[in-house]
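# Notes for the structure review
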Amino acid sequence: MSLSRKGGLLLLIPLVVALSLVLSVFNITTPIAQTTPQITVYRVTGSGDVNNPGAAPFWSQIPWVNLSLTANIPNAPTSGLTHYVLVKAAWNGSWIFVLVKWYAPEPAFGAWSAAAAGIYPNAQGPGLFRLDELMPGTKYFIESNYTNYVAVVNGNLYHGRLVLNYSGVLLPTPNGSQITVLPNGTIIFWHSLRPMEYLLYNYGMFYGYYANSSWYYPDRVAMMWYLGSGVPTEDGMHIGGKYPGQVFDGFNFTYAGGSLKQPGGAANIWMWVSGATWNNATYDPAFKANLWENENLTGLPYVDPGNHGFAVPLYTNNTDMYEVDTAGVWYTPVSSNANALNGSLYFIWTGAKWDNGSWCVEFARPMAVPQGYLPWMVNITTGKTYYVAFAVWQGRLGETLFDKSITPTFVQLQVVNSSPPTSTTSSTSTTSPSTSTASSSSAPSPLSSPATVVTIVGVVIAVIVLIVIYAVYRK
Amino acid sequence: MRKEAKPFFILLGIGAVLLSFYQFITPISYLPITIPFEDQLYRLGFIGLYLSTFSLGIIGLMDEDKSVRVLGGLIILSPLIALIPNYAVSEWWEVIEIFTVVVGSFIMVKSVLKSNRLPLILTLFVIIFNEIEGLDEQIFHNFIYTSFLTLLYLTLISGFILLLYNLKLKRLLISIGLGGLAMGIYLPLFFLTLHNRFLEMIFALVFPAVYGISISNPYNIPLLILAYSLALFLSVALAVNIDLYTGLGFYMIETTTFLGLTGFHYYIYMVFPIMGFYFMNLKRVTFARNWNVLNR
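To keep things clear, this report deals only with the structure shown in the data block.

Rules and cut-offs
Residues numbered from 1 in each chain as written. Chains lettered and ligands numbered in written order. Predicted model: local features only at pLDDT ≥ 70, side-chain atom pairs only at ≥ 80, totals over all residues. Heavy atoms only, no water. Helix = DSSP H or I, 4+ residues; strand = E, 2+ residues; numbered from the N terminus. Buried < 20%, exposed > 50% of the residue type's maximum accessible area, 1.4 Å probe, protein only. Areas by Shrake-Rupley, 256 points an atom, 1.4 Å probe, with all protein chains shown as cover. Contact = heavy atoms within 4.5 Å. Pairing = 2+ DSSP bridges. Patch = residues over 30% accessible without salt bridge, like charges linked within 9 Å, V, L, I, M, F, W, Y side chains within 5 Å. Salt bridge = Lys/Arg side-chain N within 4 Å of Asp/Glu carboxyl O. Phe/Tyr/Trp six-rings, centres within 6.5 Å; stacked < 30°, edge-to-face > 60°. Lys NZ or Arg CZ within 6 Å of the ring centre and 35° of its normal. Axes fitted to C-alpha atoms, helices over the stretch in contact; angles between N-to-C directions. Core = buried A, V, L, I, M, F, W, Y, C linked by side-chain atoms within 4.5 Å. Parallel < 35°, antiparallel > 145°, perpendicular 65-115°, else oblique. Nonpolar A, V, L, I, M, F, W, Y, C, P; charged D, E, K, R; others polar. Polar contact = N/O pair within 3.5 Å; in protein donor to acceptor, adjacent residues only side chain to side chain.

## Concerning the overall build of chain B
When helices and strands are tallied, chain B shows 13 helices and zero strands. Listed by position from the N terminus, the elements making up chain B come as α-α-α-α-α-α-α-α-α-α-α-α-α. Per-residue burial over chain B gives 63% buried out of 296 residues. When the accessible surface of chain B is totalled, it reaches about 11000 Å², and 71% of it is carbon and sulfur.

## A look at the overall build of chain A
Helix and strand counts for chain A stand at six helices and 29 strands. Taking all 475 residues of chain A together, 53% fall into the buried category. When contacts within chain A are restricted to residue pairs at least 6 apart in sequence, those whose partners lie at least 24 apart make up 68%. As presented, chain A carries roughly 19300 Å² of accessible surface, and 56% of it is formed by carbon and sulfur atoms.

## Focus: the pairing of strand β20 (residues 312-317) of chain A
All names here are of chain A. Among the six residues of β20, six are classified as buried, and the element is accordingly described as predominantly covered. A two-sided burial pattern is seen for β20, the buried positions comprising Val312, Leu314 and Thr316 on one face and Pro313, Tyr315 and Asn317 on the other. Pairing geometry for strand β18 (residues 266-273) and β20, over six bridges, is antiparallel. Following the sheet pairing, asparagine 268 is matched in β20 by tyrosine 315. Where β20 and strand β21 (residues 321-323) come together, three bridges link them in antiparallel fashion.

## Quick word on unusual backbone geometry
Look at A:Asn356: it is not a glycine, yet its phi comes out positive at around 55°. Take A:Asn356: it is sitting in the loop between β23 (349-355) and β24 (358-366). Judged by its relative accessible area of 72%, A:Asn356 is exposed. Even without being glycine, B:Asn116 reaches a positive phi, approximately 65°. Topologically, B:Asn116 is positioned in the loop between α4 (91-115) and α5 (121-140). The class for B:Asn116 is partly exposed, based on a relative accessible area of 27%.

## Concerning a nonpolar patch on the surface
All names here are of chain A. Taken together, the side chains of Ile456, Val460, Ile464, Val468 and Val472 define a hydrophobic patch exposed on the protein surface, amounting to about 400 Å² of accessible area. Here isoleucine 456 shows up in helix α6 (residues 450-474). Residue isoleucine 456 is classed as partly exposed on the basis of its relative accessible area of 40%.

## Focus: the packing of aromatic side chains
Tallied over the entire structure, the rule returns 49 aromatic pairs over all chains. Where B:Phe190 meets B:Phe191, the ring centres are 5.1 Å apart and the plane angle is 65°; that geometry is what we call edge-to-face. Assessed through its relative accessible area of 13%, B:Phe190 is described here as buried. Counting every residue linked through ring pairs, the aromatic cluster contains A:Trp102, A:Phe109, A:Trp272, A:Trp278, A:Tyr283, A:Trp354 and A:Trp359. Cation over ring: A:Arg220 sits above A:Trp393, and NZ or CZ is 4.4 Å from the ring centre.

## Description of the sheet that holds strand β12 (residues 177-181) of chain A
All names here are of chain A. Taken in spatial order, the six strands of this open sheet run β9-β8-β12-β13-β6-β14, and their pairing is mixed. Of all the strands in the sheet, just β9 (156-159) and β14 (206-209) have a single pairing partner and so form its edges. Adjacent strand axes in the sheet meet at a mean angle of 30°, parallel and antiparallel pairs treated alike. Examined bridge by bridge, β12 and strand β13 (residues 187-189) share three bridges and lie antiparallel to one another. Residue pairing across strands places isoleucine 179 opposite phenylalanine 189, the latter belonging to β13.

## Focus: the nonpolar core
Membership of the largest hydrophobic core comes to 106 residues, with the highest contact counts inside it found for B:Phe8, B:Leu56, B:Phe207, B:Tyr228, B:Phe258, B:Ile268 and B:Phe279. With 13 residues, the single largest contributor to this core is helix α10 (residues 221-241) of chain B. When near neighbours in sequence (up to four residues on either side) are disregarded, B:Phe207 contacts B:Tyr186, B:Leu189, B:Gly212, B:Leu224, B:Ile225 and B:Tyr228. If you look at the next biggest cluster of nonpolar residues, it comprises 67 residues, including A:Ile73, A:Val329, A:Tyr331 and A:Tyr387.

## Things to note about the environment of A:Ala71
Residues and elements named next belong to chain A. Relative to the helices and strands, alanine 71 resides in strand β3 (residues 70-71). Considered as a pair, alanine 71 and threonine 82 are 11 residues apart in the sequence and their alpha carbons are 8.4 Å apart. Setting aside anything within four residues of it in sequence, one finds alanine 71 in contact with Ser79, Gly80 and Lys404.

## Comments concerning the pairing of β18(A)
Counted residue by residue, β18(A) has eight buried out of eight residues, so it is predominantly covered. Taking every second residue as pointing to the same face, both faces of β18(A) are buried, with A:Ala266, A:Asn268, A:Trp270 and A:Trp272 on one and A:Ala267, A:Ile269, A:Met271 and A:Val273 on the other.

## Considerations on the environment of A:Pro136
Residue and element names in this part refer to chain A. Within the secondary structure, proline 136 is located in the loop between β6 (132-134) and β7 (139-143). Of the residues examined, proline 136 reaches a relative accessible area of 54% and is grouped as exposed. Those residues within four positions of proline 136 in sequence are excluded, and the remaining contacts are Tyr166 and Tyr207.

## Digging into the packing of helix α8 (residues 187-195) of chain B against α10(B)
Residue and element names in this part refer to chain B. In the contact formed by α8 and α10, the axes pass within 8 Å of each other and the chain directions differ by 170°. Taken together, the axes of α8 and α10 lie roughly antiparallel to each other. Here Leu187, Leu189, Phe190, Thr193 and Leu194 of α8 come into contact with α10, specifically with Pro222, Ile225, Leu226 and Ser229. Looking at the contact of α8 with α10, its residues break down into seven nonpolar, two polar and no charged.

## Describing the side chain of A:Asn72
Residue and element names in this part refer to chain A. Relative to the helices and strands, asparagine 72 is located in the loop between β3 and β4 (84-91). Note on asparagine 72: relative accessible area 12%, which makes it buried. Engagement of the side chain of asparagine 72 in a polar contact is seen with the backbone oxygen of phenylalanine 402, the distance being 2.8 Å. Setting aside anything within four residues of it in sequence, one finds asparagine 72 in contact with Ser79, Phe402, Lys404 and Ile406.

## Observations concerning the sheet that holds β7(A)
Residue and element names in this part refer to chain A. Taken in spatial order, the three strands make up an open sheet running β7-β10-β11, and their pairing is antiparallel. Only two strands of the sheet have a single partner each, and these edge strands are β7 and β11 (169-172). The average angle at which neighbouring strand axes cross in this sheet is 25°, direction not considered. Pairing of strand β10 (residues 161-166) with β11, which is carried by four bridges, proceeds in the antiparallel orientation. By the bridge assignment for β11, leucine 164 is matched with leucine 171.

## Some words on the pattern of salt bridges
Under the defined criterion, the tally for this structure stands at four salt bridges over all chains. The residue A:Asp249 makes a salt bridge to A:Arg161 at a minimum N-O spacing of 2.7 Å. Of this pair, A:Asp249 sits in the loop between β16 (246-248) and β17 (251-253) while A:Arg161 sits in strand β10, placing them 88 residues apart in sequence. Salt-bridge contacts for B:Asp243 lead to B:Arg117; the nearest nitrogen and oxygen are separated by 3.1 Å. Residue B:Asp243 is found in the loop between α10 and α11 (244-256), and its partner B:Arg117 is found in the loop between α4 and α5; the two are separated by 126 residues along the sequence. Assessed through its relative accessible area of 0%, B:Arg117 is described here as buried.

Shown next, in the form of structure tokens:
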């Protein structure tokens, strides 16, 4: 090797080190190439139909994207009951439409969302509050030294502090704690509070939320839009207290439950709840009670003019989870500025139907958001890459709050100007406008899928390059 | 491998270790654990990300094998590719990802046949499986549920057999001693989690986030920690007993090969296990030859 070449190589070393240092100091957030996004939002003509999700003609031209889900709380055996969610998306120049479908063999019809029930005094029915089923093998005893404490076990009042014991791990419970011990020894913890759930989970005692044929929770689906900069790696949320820094029964909670894990990040969430935001007066008790048309109950200075279904707009950051309106039915209101947030609760329209064992929910929202919503709601434009995530709850099977299935990571979504690939064909027959539409898609040829074509092209190019290299190498 | 590449291997080694800080700090900073010097460690990890990319790219470009040079070129170009708007949503980028895996698989198969380190075929299987799994998730959006813990242990078995390729007793004992020290980083966590459900759950959050492995049975967390303790042991022991490139390669594989399961996130995570495997096979060492040496 010549001296000059050796010198050049040696010069490369400080150059590499210096370049790495400089780029790190300036905190370039997307330094190295990322991998491929998953969801493409195609340009379509026409509009979605929230009264009949998935029925708009353009949907048949857009292929489903199958996103795997995982348990949000892997240590609770009842979590993560939905294994995948199907997603497709479109925009028509001013509105974006997102169609989400998932297998749900036991829909949670008629269950109140606890938050919605909280503002409606006459609410009654399943799902009014949460019951925790403790891990099999969890025992309890009453610590009588706590003379100021009482506990309720199977309806009987005891003086003393209820202490739970799982594999030698002891968890003293708050004053007034109440449990029911089922004949098989299973312990049900009543009047579950968020910090208590955190403690139960972290002490290995949280088996899942208790559900049976008459006690269950609403079904839910949520779509999260990342609002921070850079590439987020964590789409999960903290399990924690009611608010950050809460001191609960001697335990200090750094994080509020629902606050975003991604350091420095924030996100806008669109949450559809079968027991509150589903425009179905038969199966959604909140719509049955006409809850959202009653300003006195909601505390909002507006009603939903179309009385359509909606998705609750939420905002989460590292501090807490907020509701993007001034009422705060589910979470703390993000702001008290009623003028800025006028109409915000009903801004994201939804339509839903349960058919043939699956839920299908269509989200529809203007691409641009009013200025007053902007800090907390995602403004959607073409050409930009967004990071989104999904969560699904099967309320009938005991999933609610932090017990859910989520996409393991954020997936990338991009709004493009191109039309759908028209790779699928479908035949649709409507039987009833709002509850069920039988839809079937004939399976497209595997070769017509863009992903398959891309794969084949990649493999072919690689093989050609290797053959060329081999040919040159031999010489 | 060219001799002039050695300084870049040193940079790569430093980069790979610093990259581990990045892998650790990013996901666990949300946990209720106070990490001393968190910001500084994060910054160091960031430096590791760049150092690894640039040095790995240069090593690839300097290699005698032309297909490795192609991969090296792609690694060097990857930071520049990131400047092209919307590159990541384009189909040509998907083609490059598939191209990388196909060429990478070819490089790995060729290298193991050349080195004759046949126990590494187990590791090769795991890497290729994970690369395909990652691509499947990226492009077809499916997730192949399988026992990733089993796959991890397969790579460890492979590493242990390779460790015995050099049976010179003194060197083997030194390598085991030094490997034991490295193992000490994680091994206490194994004992802590064995009987402490709380810590077991904390690390059930940490380890899958850092290394990409989601285990289906949460009670297997001690086994996962034990596996990574053994991986650290083998990285050092192989570096001492076999050669430095083998140890470095093994470390690169163990720390990144399962990240495809969460979608890779970075292109560098896609090529790290491929290049790591290539480094493990840079030298030809056969068990039989050393066995004869021992019997002489």
